[in-house]
Amino acid sequence: MEQFIMKGGTPLHGEVVIGGAKNAALGIIAGALLTDEDVIIENLPDVRDINVMLEALKEIGAVVERIDRHTAKISAVGVTSVSIDDEYIRKIRASYYFIGALLGKHHMADVPLPGGCAIGSRPIDQHIKGFRALGAKVEIRNGCVQAAASEGLHSSHIYLDVVSVGATINIMLAAVLAEGRTIIENVAKEPHIVDVANFLNSMGANIKGAGTDTIRIRGVRRLHGTTYAVIPDQIEAGTFMCAAAATRGDILIKNVIPKHLESITAKLLEMGNTVYEYDEAVRVVGAPVQHPTDVKTLPYPGFPTDMQPQMSVTLALADGTSVVTESIFENRFKYVDELARMGSNIKVEGNVSVIDGVKRFMGASVNALDLRAGAALVIAGLAADGITTVRDIVYIQRGYEHFEQKLQALGAQIELVDSEREAQKFRLKIG
Ligand code: UD1
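Residues numbered from 1 in each chain as written. Predicted model: local features only at pLDDT ≥ 70, side-chain atom pairs only at ≥ 80, totals over all residues. Heavy atoms only, no water.

Novice: Describe the packing of helix 3 (residues 97-106) against helix 5 (residues 165-175), listing the residues and the values that go with them.
Specialist: One way to put it is that helix 3 packs onto helix 5 with a least axis distance of 7 Å and a crossing angle of 15 degrees. Of the possible angle classes, the one that applies to helix 3 and helix 5 is roughly parallel. For helix 3 against helix 5, the interelement crossing comes out right-handed. Contacts between helix 3 and helix 5 involve Y97, I99, G100, A101 and G104 from the former and V165, G166, I169, N170, L173 and A174 from the latter. Taken together, the residues of the contact of helix 3 with helix 5 break down into seven nonpolar, four polar and no charged. (Axes fitted to C-alpha atoms, helices over the stretch in contact; angles between N-to-C directions. Helix = DSSP H or I, 4+ residues; strand = E, 2+ residues; numbered from the N terminus. Parallel < 35°, antiparallel > 145°, perpendicular 65-115°, else oblique. Left-handed = near helix turned anticlockwise from the far one by under 90°. Contact = heavy atoms within 4.5 Å. Nonpolar A, V, L, I, M, F, W, Y, C, P; charged D, E, K, R; others polar.)

Novice: Pulling in residues and values, what's your account of the domain arrangement of the protein?
Specialist: In terms of domain boundaries, the protein breaks down into domain 1 (3-19 + 232-430) and domain 2 (22-229). Distance from the C-alpha centre of domain 1 to the C-alpha centre of domain 2: 31 Å. Summed over both partners, the interface of domain 1 with domain 2 comes to about 2,000 Å²; 52% of that surface belongs to carbon and sulfur atoms. The largest share of the area that domain 1 buries against domain 2 comes from Y300, R398 and E401, three residues that together contribute 36% of it. If you look at where domain 1 meets domain 2, you find two salt bridges. (Domains from an automatic or database assignment. Buried area = accessible area lost by both parts, 1.4 Å probe. Salt bridge = Lys/Arg side-chain N within 4 Å of Asp/Glu carboxyl O.)

Novice: How would you explain unusual backbone geometry if you had to name every residue and give the values?
Specialist: The linkage connecting Y300 with the following residue, P301, adopts the cis geometry, with an omega of 10 degrees. Along the chain, P301 turns up in the loop between strand 17 (295-296) and helix 9 (308-315). The backbone of N142 sits at a positive phi, close to 50 degrees, despite the residue not being glycine. By the element assignment, N142 lies in the loop between strand 7 (137-141) and strand 8 (144-148).

Novice: For the site of the ligand, give the residues involved together with the corresponding values.
Specialist: Contacts to the ligand come from 20 residues, most closely from Y96, S164, V165, D306 and I328. Residue P123 places a main-chain N or O atom 3.3 Å away from an oxygen atom belonging to the ligand. Between the ligand and V165, the relevant distance is 2.7 Å, taken from an oxygen atom to a main-chain nitrogen or oxygen of the residue. For the ligand, the accessible surface in isolation is 750 Å², of which the surrounding protein chains cover 88%. Those elements giving two or more residues to the shell around the ligand turn out to be helix 1 (22-31), helix 4 (125-133) and helix 5. (Near = heavy atom within 4 Å. Polar contact = N/O pair within 3.5 Å; in protein donor to acceptor, adjacent residues only side chain to side chain. Areas by Shrake-Rupley, 256 points an atom, 1.4 Å probe, with all protein chains shown as cover.)

Novice: Residue-level account of the packing of aromatic side chains, with values.
Specialist: Going through the model one piece at a time under the given rule, you end up with five aromatic pairs. Centre to centre, the rings of Y96 and Y97 are 4.7 Å apart; their planes meet at 70 degrees, and the pair counts as edge-to-face. Overall, Y97 belongs to the buried group, its relative accessible area being 3%. When the ring of F333 is compared with that of Y335, the centres are 6.5 Å apart and the planes differ by 50 degrees; the resulting orientation is tilted. For F333, a relative accessible area of 9% puts it in the buried group. In this structure Y335 comes out as buried when scored by relative accessible area, which is 2%. An aromatic cluster of at least three residues, connected via ring pairs, comprises F240, Y400 and F403. (Phe/Tyr/Trp six-rings, centres within 6.5 Å; stacked < 30°, edge-to-face > 60°. Buried < 20%, exposed > 50% of the residue type's maximum accessible area, 1.4 Å probe, protein only.)

Novice: Any details on empty space enclosed by the protein? Residues and values, ideally.
Specialist: Per the stated rule, a full pass over the model turns up three cavities of 30 Å³ or more. A volume near 80 Å³ is recorded for the largest cavity. Lining the largest cavity are A21, K22, N23, P191, H192, I231, P232, D233, Q234, I235 and R372. Secondary-structure elements contributing two or more residues to the lining of the largest cavity are helix 1, helix 6 (191-202) and helix 7 (234-246). Of the residues contributing to the lining of the largest cavity, the split by class is five nonpolar, three polar and three charged. In this structure, the lining of the largest cavity is formed jointly by two domains, domain 1 (3-19 + 232-430) and domain 2 (22-229), each of which donates at least three residues. In this model, the second largest cavity occupies a volume close to 60 Å³. (1 Å grid on protein atoms, 1.4 Å probe; cavity = no way out; pocket = protein on both sides within 12 Å on 5 of 7 lines; lining within 4 Å. Points joined across faces, edges and corners; volume = space filled by probe spheres on them.)

Listed below in structure tokens is the structure:
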């Protein structure tokens, strides 16, 4: 089993280049099903969830050509099946985007209920509500979502009961080819919503209002091919920002949109760190002594739930008590027990954690329980005295491209090892 082994205690220094946004790319890949013409997607992150989505496209008859590591050309003209199922697609969350895209283009879809990180109950009732409002019949049978609209999809006015990233993108995917005008209210405003809308508009869709509370879509008869570059990943960037602060380092994080990072920047500044903003980069200089602060996760432009574990690790090394409220997913504090092995002092009650900062962490052997928790534990290991191993890194690899290599380039003593022998070699090497 692959694991990360690291010797912490060295501040991270240098430059890192951020890749394309995983969660935008997942919606965009599904969106490529909406046209019979070629779609070229650039700046794709080379991570597991993306590769699973591309493989699933091939399975239903699309041709996917990897032009280079970060560019794929998709031709969906040969799609013959609206039924997707393999053991990998069941494991990822974004498989739900195939429902919206297949329903939009082929008026039918048969897709397994989504998997993804076990961070809460994660229902998809709002997605289904949207599809039904557009005229589809939707049933759940044998663990699959079966949707059909024999007469095609039609215009609708949809109000989402909860602000959902997935439901917003999914309903957009279904509605761009629907007849008439669809209005979706109380939508999510995350940068990846805007990116998927921009991508669809570049194919000839007519979507207005992405990034506000209300999205208006005028259905078009057909969409054409496009070449589109995915935006930079807000969460990968935020992860390196926290790594700089937690290790008291100094990292220039390139290829980012600083506006998307404002909520993270604000918290790091409140803690006493220095953040410089440039046109397409941010530089974070970690203060030797950092202040506690309170964080509440909220839909964008609030503090992202996907940054909560990484920020909590940073706060766990601050001088005082912080309170973190998780208001999106109810089960997102599981990493706290792992972090306790490293000497942190965090109490969780319901959806609130009270973090009493400690002076230092000690290296330990911990498990990555989900994608962002895994990244947070790596940051903790790099800030800790001694050696840390993080197991189950398959979760981390779902969303971070060559995480260990990017960290090595910043001076981290970290390696990906595949056996106890390799781990032993690392221990001997670093002495
Ligand atoms: C997406 C992201 C995930 C991120 C999350 C919030 C992808 C593949 N995943 O997940 O990384 O943490 O946004 O930014 O892009 N809800 C319902 N009914 C629904 C849909 C959602 O009640 O039909 C609830 C959820 O339980 C949750 C909240 O709405 O409490 C937000 O979920 P949502 O934004 O949909 O998250 P995901 O799309 O699952």
